[in-house]
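# Notes for the structure review
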Amino acid sequence: MALSTGGSEDASLFVIDTATGRQVGEAVPRVNFATGGGAMAWNADSSGFYYTRYPQGNERPPADMNFYQQVYFHRLGTPPSKDRYVMGKDFPRIAETTLTLSPDTSHLLVTVANGDGGEYEEFVLGPDGKPQQITHFSDKIIMAAFGVDNSLWLLSHRNSDKGELWRLPADDTRLSDAKLVVRSTEASLEGDGADQRYVLVGSDKVYVTVIDGGPEQVRAYSLNGSRLPDVPLPKVASVSALVRDGKDAFLFATQTFTTPRQWYRFDGTGTPQTLPFHDESDVNLSDIVVERAFATSKDGTRVPMTILMRQGTKLDGSNPALITGYGGYDISTTPRFYDDRLWFDHGGVVAITNLRGGGEYGESWHLAGNLTRKQNVFDDFAACAQYLVGHRYTSPQHLAAEGGSNGGLLMGAEITQHPDLFRAVVSYVGIYDMLRTELDPNGTFNITEYGTVKDPAQFRALYARSEERRGGKECRSRWS
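Note that this is a predicted model, so its numbers are computed, not measured. (Residues numbered from 1 in each chain as written. Predicted model: local features only at pLDDT ≥ 70, side-chain atom pairs only at ≥ 80, totals over all residues. Heavy atoms only, no water.)

## Describing the sheet that holds strand 28 (residues 349-353)
This is how the line gets drawn: Pairing between strands is defined by DSSP: at least two bridges between them are needed. A run of H or I in DSSP becomes a helix once it reaches four residues, and a run of E becomes a strand once it reaches two; helices and strands are each numbered from the N terminus. The axes used here are C-alpha line fits, helices contributing only the stretch in contact, and every angle between their N-to-C directions lies in the interval 0 to 180 degrees. Contact between two residues is taken to exist if any of their heavy atoms lie within 4.5 Å; hydrogens are not considered.
Taken in spatial order, the 6 strands of this open sheet run 25-26-28-27-29-30, and their pairing is mixed. On the outer flanks of this sheet lie strand 25 (288-296) and strand 30 (424-428), each paired with one strand and no other. Across the sheet, the mean angle separating the axes of adjacent strands is 20 degrees when strand polarity is ignored. Alignment of strand 26 (residues 302-310) against strand 28, held across 4 bridges, turns out to be antiparallel. Its bridge partner lying in strand 28, M305 is registered against T353. Lying over the sheet, helix 4 (residues 406-417) contacts strand 29 (399-404) and strand 30, oriented at roughly 140 degrees with respect to strand 29.

If you want it as structure tokens, here you go:
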């Protein structure tokens, strides 16, 4: 486990004997820090582990101490000062590294993200412990996962906006040898670095999570790419995880806007087995209507959103309404159980938007809302709010907007660009001074998503949307 002390985000790794609760050996310092995170993975015989390590001592200047992750190996019973360097000297300054073992623990997948913008490269360490690079950032491989035979399955955006799934035989390090297995032409294949929850490969099937505007589905294919029946799921659901349970079975969880998270087990046939694991809730939303609507953004793009309200709610413009949004980092807004019964009982309406910048419609949907194109996200959200008003779900006097983090940035833009569209705006941990964000250690990782002041075109875009500059008299006079 990793622990930090005194409110620091700088964490050390502790090995604990689960039988006695006692610490084993010395703590390994500087393994995890804030946005860059950290990772560890045991070797095949559990005699030691690989881990991510930040600079120590005088290895880097003070401004670089929370960057430049590298991979080291620690053998139990030896001091951390003797740990062996494995790789990482050529990683980007804003590398975020994930370590994943193959099912038989003989191979280690090292996935390196170039900040938070969705660029990845992959390396594999075989039994000899030597790293072999499989992909580069320019290859547009956004996810890698092991099959049960140690083959490597790669989710590619090189030739398809919706995604392709390639298979590379075990111990083959040449990307040119990878074979196309699945190409999606409808819903988008989901993937994120080395996150194994989206793709699971068994002995004769591969399961892939797909998304179509927000709702998710688990599709099944044979290992040669033939389409098999989808895994039975509720309508308009999200899928929390695909967790291997044996060679060919897996666990997964789903939830909808009106039903809480429930876990299942699926062995490839029939109906998934309901497991006794679920989120507890006494809230009954059986009378809540779930509507799918599309607003037209400023440039003509159709932007989806989901509208929730109690059955029989009158559309006379007087309903209190809450609209939420995110729109960034290729993060999709998927269905989640919305258990605020009191809001609905008071006639409340809820709108959950699927803005550009997310991954709801593939990589082009993400790229249409990042870097110099961030204004599209603001326009999309405003269009969704105007749709609610125009179709009399609510009015500006009854409409509130809410968002956090990247969604907080969105809220700052909405309150300055459209102050008359909302009665209230709630922003959580938002970013508003876009010109200085990258000077903060955590903010630096956002460069590949937001842009940098060092690039002239990106600087102009950041300057145009910096809330420090845009919070003028119109905003202050209305909201003071």
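## Things to note about a nonpolar patch on the surface
Stated precisely, the cut-off is as follows: Surface patches are defined over residues having more than 30% relative accessible area and no salt bridge, joining like charges when they lie within 9 Å and nonpolar side chains (Val, Leu, Ile, Met, Phe, Trp, Tyr) when within 5 Å. We get accessible surface area from the Shrake-Rupley algorithm with a probe of 1.4 Å; when it comes to residues, only the shown protein chains can shield them. Think of a salt bridge as a Lys or Arg side-chain nitrogen and an Asp or Glu carboxyl oxygen that are within 4 Å of each other. Here's how the labels work: a residue is buried when its accessible area is under 20% of the maximum for its type, exposed when over 50%, partly exposed in between, all with a 1.4 Å probe on protein chains only.
A cluster of nonpolar side chains, namely M1, L3 and I16, defines an oily patch on the protein surface of about 270 Å² accessible area. Owing to a relative accessible area of 55%, M1 belongs among the exposed residues under this scheme.

## Some remarks on the nonpolar core
Put simply, the rule reads: Remark: nonpolar core denotes a set of buried residues (Ala, Val, Leu, Ile, Met, Phe, Trp, Tyr, Cys) joined through side-chain atoms within 4.5 Å.
Counting 35 residues, the largest nonpolar core has M305, I307, I323, F381, L388 and F422 as the members making the most contacts within it. Ranked by residue count, the leading element in this core is helix 3 (residues 375-390), at 9 residues. Counting residues in each nonpolar core, the second largest holds 19 residues, with Y120, V201, V210 and Y221 among its members.

## Focus on the packing of aromatic side chains
Applied cut-off: Note on aromatic contacts: the rings of Phe and Tyr and the six-membered ring of Trp form a pair at centre separations within 6.5 Å, being stacked when their planes are under 30 degrees apart, edge-to-face when over 60 apart, and tilted otherwise.
With the rule as written, the count across this model stands at 19 aromatic pairs. Ring geometry for Y207 against F250: centres 4.6 Å apart, planes inclined by 55 degrees, an arrangement best described as tilted. Placement of the pair is Y207 in strand 18 (residues 205-211) and F250 in strand 22 (residues 250-256), with a sequence separation of 43 residues. Of the two residues examined, Y207 and F250, each falls in the buried class.

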